[in-house]
Amino acid sequence: MAIAKGFAREGATVILTARDQARLERETTAIAAAGGKAWCHAMDVVDEDSVKAAVAAMLDRFMRVDILINNAGVAYQDYFVDYSLEHICQEFDVNCLGMMRVTHALLPAMIRNRSGVIMNISSLLGLAPFPTCASYSATKAAVVAFTQALRGEVSACGIHVGVFLPGHTRTEMGDRLRMVGSPKPVAVEIVAGAILDAVAGRKKLATIPGPAANLGILMIRHFPAAAEQMMTDIARKSMPPKN
Ligand SMILES: NC(=O)c1ccc[n+]([C@@H]2O[C@H](COP(=O)([O-])OP(=O)(O)OC[C@H]3O[C@@H](n4cnc5c(N)ncnc54)[C@H](OP(=O)(O)O)[C@@H]3O)[C@@H](O)[C@H]2O)c1
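As a starting point, this report considers the structure included with it. (Residues numbered from 1 in each chain as written. Predicted model: local features only at pLDDT ≥ 70, side-chain atom pairs only at ≥ 80, totals over all residues.)

**Observations concerning the environment of R9**
Stage number 1. Its location among the elements puts R9 in helix α1 (residues 2-9).
Stage number 2. The partly exposed category is assigned to R9, around which 15 C-beta atoms lie within 10 Å.
Stage number 3. When the C-alpha atoms of R9 and A34 are compared, they prove to be 8.5 Å apart, with 25 residues separating the residues in sequence. (Helix = DSSP H or I, 4+ residues; strand = E, 2+ residues; numbered from the N terminus. Buried ≥ 20, exposed ≤ 12 C-beta atoms within 10 Å, placed from the backbone.)

If you want it as structure tokens, here you go:
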């Protein structure tokens with residue numbers, strides 16, 4: 001919700017979507033009480049009919065959507081051999097297919113308008129896969145690949161597609177992830193501010209400000225073996241290793 005609040009403060013009319021209608025309504029009211037413009041519609045990104053209904057309702061009401069933030073995500077942490085297949089399927093359904101369902105439903109309107117920004121929320125784990133989050137890391141790598149390929153398809157239509165890679169963030173999901181010895185989780189407001197900047201700057205790939213994340217990306221690119229070892233060491237400290 002911090003992202004929606006940030007855009008509302010900048011004067012955008014924000015459309016909040018998620019499954020929990022009561023929470024959406026609370027957040028919409030809070031944005032309006034702070035002087036912002038907000039509207040909400042329930043949407044379950046794993047359900048094609050729900051996505052189509054939500055997108056139809058928002059286009060019916062506002063005629064256009066200028067910025068799409070694909071943020072819905074789920075994450076589980078365990079050794080892959082112990083991961084349930086249900087959790088693996090859920091991660092791919094929400095993090096990858098969900099992002100694609102929403103994008104697929106909204107893209108025709110953006111193409112008609114010949115403008116728009118799509119910012120897909122991946123993770124630093126999409127570039128530096130994390131043992132004990134193998135399936136989640138794979139979904140986030142897929143988000144990076146999807147972003148790059150789609151950008152090549154739609155940039156000629158005036159649509160920018162970028163990817164944002166948060167590091168460990170203090171949210172319900174972030175609080176559940178064990179990453180002992182990694183940089184401390186950052187406040188959600190810092191991540192939200194960086195996402196706003198990435199949208200405004202039409203960034204192709206962006207992360208949170210500060211030396212830790214940027215050094216991390218440099219390390220991943222130039223010293224991949226050291227990055228892999230670092231992630232393995234953090235995972236071993238976070239969960240008892242499998243023999
Ligand atoms: N927290 C971190 O450390 C971290 C780090 C890197 C990247 N990220 C990424 O950042 C994004 C946001 O994560 P978060 O930390 O804010 O997680 P979170 O606290 O668990 O929130 C997840 C959000 O996704 C929504 N969601 C989940 N399943 C959905 C579905 N089927 N349909 C529609 N909405 C759904 C949830 O709303 P409902 O439950 O109401 O549907 C909720 O708003 C995710 O893509 C995550 O992978 C997080």
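**With respect to the sheet that holds strand β3 (residues 67-70)**
Stage number 1. In space, the four strands of this open sheet follow the order β3-β4-β5-β6, with parallel pairing throughout. For this open sheet the edge positions go to β3 and β6 (205-207), each flanked by a neighbour on one side alone. Taking each pair of neighbouring strands and ignoring which way they run, the sheet shows an average axis angle of 20°.
Stage number 2. In the packing of helix α4 (residues 85-113) onto the sheet, the strands contacted are β3, β4 (116-121) and β5 (159-165), and the crossing angle to β3 comes to about 170°. (Pairing = 2+ DSSP bridges. Axes fitted to C-alpha atoms, helices over the stretch in contact; angles between N-to-C directions. Contact = placed C-beta atoms within 7 Å.)

**Topic: the site of the ligand**
Stage number 1. What surrounds the ligand is a group of 25 residues, the closest being R19, D20, G73, T171 and G174.
Stage number 2. It is helix α6 (residues 172-176) that contributes the most residues to the shell around the ligand, three residues altogether. (Near = placed C-beta within 6 Å.)

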